[in-house]
Amino acid sequence: MKPQRQLTRRRFLGVTAATAGGVLMASPSGRGAESDVPSKDFASTDHFWYRPQPEGLFVDSQRDNKAFGFADGNVFLSEDNGHSWPHRMAFPDARQIVFSCILQNGNVLFSALAKLYLSTDNLQSYRPITVKNSDGTDYLSHVPQNPAHPGWYFHSLTGVNTWDVNGREMLVWGNYCNVIGGATPVNIYYSTDHGQTVKIAYSFGQNPYNRDNGSGGGGTTGTPLGNPDNPVICRHIHDVAYNPAEDAFYACTGDFDREEGRECHWLRGTYDAGRDQWDWKVIVSDAMNSRYKCGGLNFVDGQLYWISDSNGPKPYDRGVFRCDPADITRPAAHTRLFNPEVESGNMIIQDGVILASHCAPASPLATGFIVSLDMGKTWAQYDLNEFGRRSPCRFHRRNSDGWFRVDLRSSWVTPAEMMFIKPKAASLKS
C-alpha cells in the first residue's frame, strides 16, 4: 500500500504546562483553539487539524468541556478542555493509570492496574471501588505471581464506554489484557450509578494459555484465571458497544485459533434493569484471519460499523464493514466501505466523521490514520510520522471544542503519548 502523503502543515502547536497560583495552566502558542477554524499554528492535513499532548501532562480522558489527566504523582481535572487545570490531587500511582472515565454527573472513575478508584468531588478526594459479582459478593483480584505484573483488570482499548440507556447513563466496558502488565481474567464490567457501584456483567472462562506465571501476558503454567464454569475463552476484549435501536450491547474479543477453540467471539447482551441481570449469548466464533477479529464497533442509525483486525494465516479479510445487526452472522450481507489493507481494531464515528487507525507493527506507516468526513463515501489515509512508530487507540468522543482525544501506543499496546484531532468540515478541505 502506498501511503497518502497529503500533509499541508507539519508544525506542532507548542503547548507547555506551568503552575500559576496552584492552577496548572496549558498555554497554546496560537489562538483559536476553541474556534471552528483553528490557528495556523496547528499541524494540518486536508481532512483534520492535530496537536500533541501538553508537555509533561498525559490527558487520559475527556467529556464535553472536562478532561482528566495525570503527571508524576498527581492527577488533574480541567473544566475548559485543558486550557487550565484547577483541580489537582496527589495520587502516587498516577503513572500506572490505564483507564479513566468522566461520568455524566462529574464523577471520575479511574484505575491503576488492578485497582479501581472513584472521585466524586472534583479530585478533592478519592476512594477505592471493590467490584461486585452479580450476587453482590466482592469480586477480588488474584494475588499475582509477580507483584510487578498484577494484571490489567480495567484497561480498555476503547475511549467510548458510556451510553444513554433508556434515560439512564450506563458505563459498560471490557478489559484488554494478557499482553503486558500480567495475566488477567477477562471480564465485562458495568455501572448504573455513576461509578459508585461496579459489577461484573460477564466473566470469560479460564484460558489455559493465559495463566499467571509471572510474565507480562501469562502462559501455559501458573495460576488459572477466570470463570471456571464458563467454557468460552478469549485473550482479551477488543470492544463493547451499545445499539439503542435494539436496546442491546455487543462485545468482540480476540485473538487466537486454539486447539480448545477459537478466541474471536462476538457476544450480544441485554440488560434487565428491574432485576439488575444480564443475558449474554455468543453469536459468532470465527478465525483470527476473518473480519470478526475486529474492534471499533459503532452503531449509527441502526446500522453496525466495525473495522477488521484480521491477521494470522492468509488470506486476510480486512476493511471497514457495515451491516444491519440482524445480518452480523451473514458475511454476504455485509458492505465493505473501505479496505486499508492493514490490521486495525480502533475506530470511532461521530457527527458523520469516521476516524480509525493502523496497527503500527503491521503497517507501512509510522503513525497511520484513516478518515472519512462523509460516513464512508470517500476516504483518506495519513502518516503522522513525526510522532514516531505509534498505534493510535482509545478514541474519545469530541470535546466541546470539537477535538477527538487519541492514545498513541508504542508497539500496539504499550502506553506512550496521546494527541488530539479535529476534523475539518467538507467545505474547508483543500
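Residues numbered from 1 in each chain as written. Predicted model: local features only at pLDDT ≥ 70, side-chain atom pairs only at ≥ 80, totals over all residues. Heavy atoms only, no water.

Caption draft 1: Here's a closer look at the overall build of the protein. Secondary structure summary: the protein contains zero helices and 35 strands in total. Considering the protein as a whole, with its 430 residues, one finds that 59% of them fall into the buried category. Taking contacts inside the protein between residues at least 6 apart in sequence as the whole, the part at least 24 apart equals 52%. Of the roughly 16500 Å² of accessible surface on the protein, a fraction of 47% belongs to carbon and sulfur atoms. (Helix = DSSP H or I, 4+ residues; strand = E, 2+ residues; numbered from the N terminus. Buried < 20%, exposed > 50% of the residue type's maximum accessible area, 1.4 Å probe, protein only. Contact = heavy atoms within 4.5 Å. Areas by Shrake-Rupley, 256 points an atom, 1.4 Å probe, with all protein chains shown as cover.)

Caption draft 2: Seen up close, the sheet that holds strand β11 (residues 97-102). Taken together, four strands build an open sheet; the order of strands is β11-β12-β13-β14 and the sheet is antiparallel. With partners counted over all chains shown, the strands left at the sheet margins are β11 and β14 (127-128), one partner each. Pairing of β11 with strand β12 (residues 108-112), which is carried by five bridges, proceeds in the antiparallel orientation. Looking across to β12, one finds that Ile97 is bridged to Ala112. (Pairing = 2+ DSSP bridges.)

Caption draft 3: Geometry of the packing of aromatic side chains. Applying the stated criterion to the full structure yields 32 aromatic pairs. Their ring planes at 20° and their centres at 5.5 Å tell us that Trp306 and Phe321 sit as a pair that is stacked. One end of the pair, Trp306, is in strand β26 (residues 303-308); the other, Phe321, is in strand β27 (residues 320-323), and 15 residues separate them in sequence. As far as burial versus exposure is concerned, Trp306 and Phe321 are alike and both buried. (Phe/Tyr/Trp six-rings, centres within 6.5 Å; stacked < 30°, edge-to-face > 60°.)

Caption draft 4: Expanded view of the sheet that holds strand β24 (residues 277-286). The four strands are arranged β19-β20-β23-β24 in an open sheet whose pairing can be described as antiparallel. What marks the edges here is a single partner per strand, and that holds for β19 (236-243) and β24. Mean inter-strand twist for the sheet, computed between neighbouring axes without regard to direction, equals 20°. Where strand β23 (residues 264-272) lies against β24, nine bridges are found, and the strand directions are antiparallel. When the sheet's bridge partners are listed, Asp272 is paired in β24 with Gln277. (Axes fitted to C-alpha atoms, helices over the stretch in contact; angles between N-to-C directions.)

Caption draft 5: Up close: unusual backbone geometry. Here Gly254 and Asp255 are connected by a cis peptide whose omega angle stands at 15°. Mapped onto the secondary structure, Asp255 falls in the loop between β20 (248-254) and β21 (257-258). Of note, the amide linkage connecting Lys314 to Pro315 takes the cis form, showing an omega dihedral of 5°. Here the phi dihedral of Asn178 falls at roughly 60°; this positive angle occurs in a residue that is not glycine.

Caption draft 6: Region of the structure containing the environment of Val172. By the element assignment, Val172 lies in strand β16 (residues 168-174). Here the alpha-carbon distance between Val172 and Val198, two residues 26 residues apart in the chain, equals 9.4 Å. Setting aside its immediate chain neighbours within four residues, Val172 contacts Asn161, Trp163, Ile188, Tyr189, Tyr190, Val240, Phe249 and Trp278.

Caption draft 7: Structural context of the layout of surface pockets. In this structure, the largest pocket occupies an estimated 780 Å³ of space. For the largest pocket, the lining is made up of 44 residues, of which Val160, Asn161, Thr162, Trp163 and Arg397 are closest to its centre. Looking at the lining of the largest pocket, the elements with two or more residues in it are β6 (58-63), β11, β15 (162-165), β16, β19, β25 (294-300), β29 (347-350) and β33 (391-396). Approximately 370 Å³ is the volume found for the second largest pocket. Along the wall of the second largest pocket there are 20 residues; nearest its centre are Ala114, Lys115, Leu116, Ser141 and Phe154. In terms of residue count, the dominant contributor to the lining of the second largest pocket is strand β13 (residues 115-119) (three residues). (1 Å grid on protein atoms, 1.4 Å probe; cavity = no way out; pocket = protein on both sides within 12 Å on 5 of 7 lines; lining within 4 Å. Points joined across faces, edges and corners; volume = space filled by probe spheres on them.)

Everything listed here is a matter of coordinates, which is why it stays silent on function.
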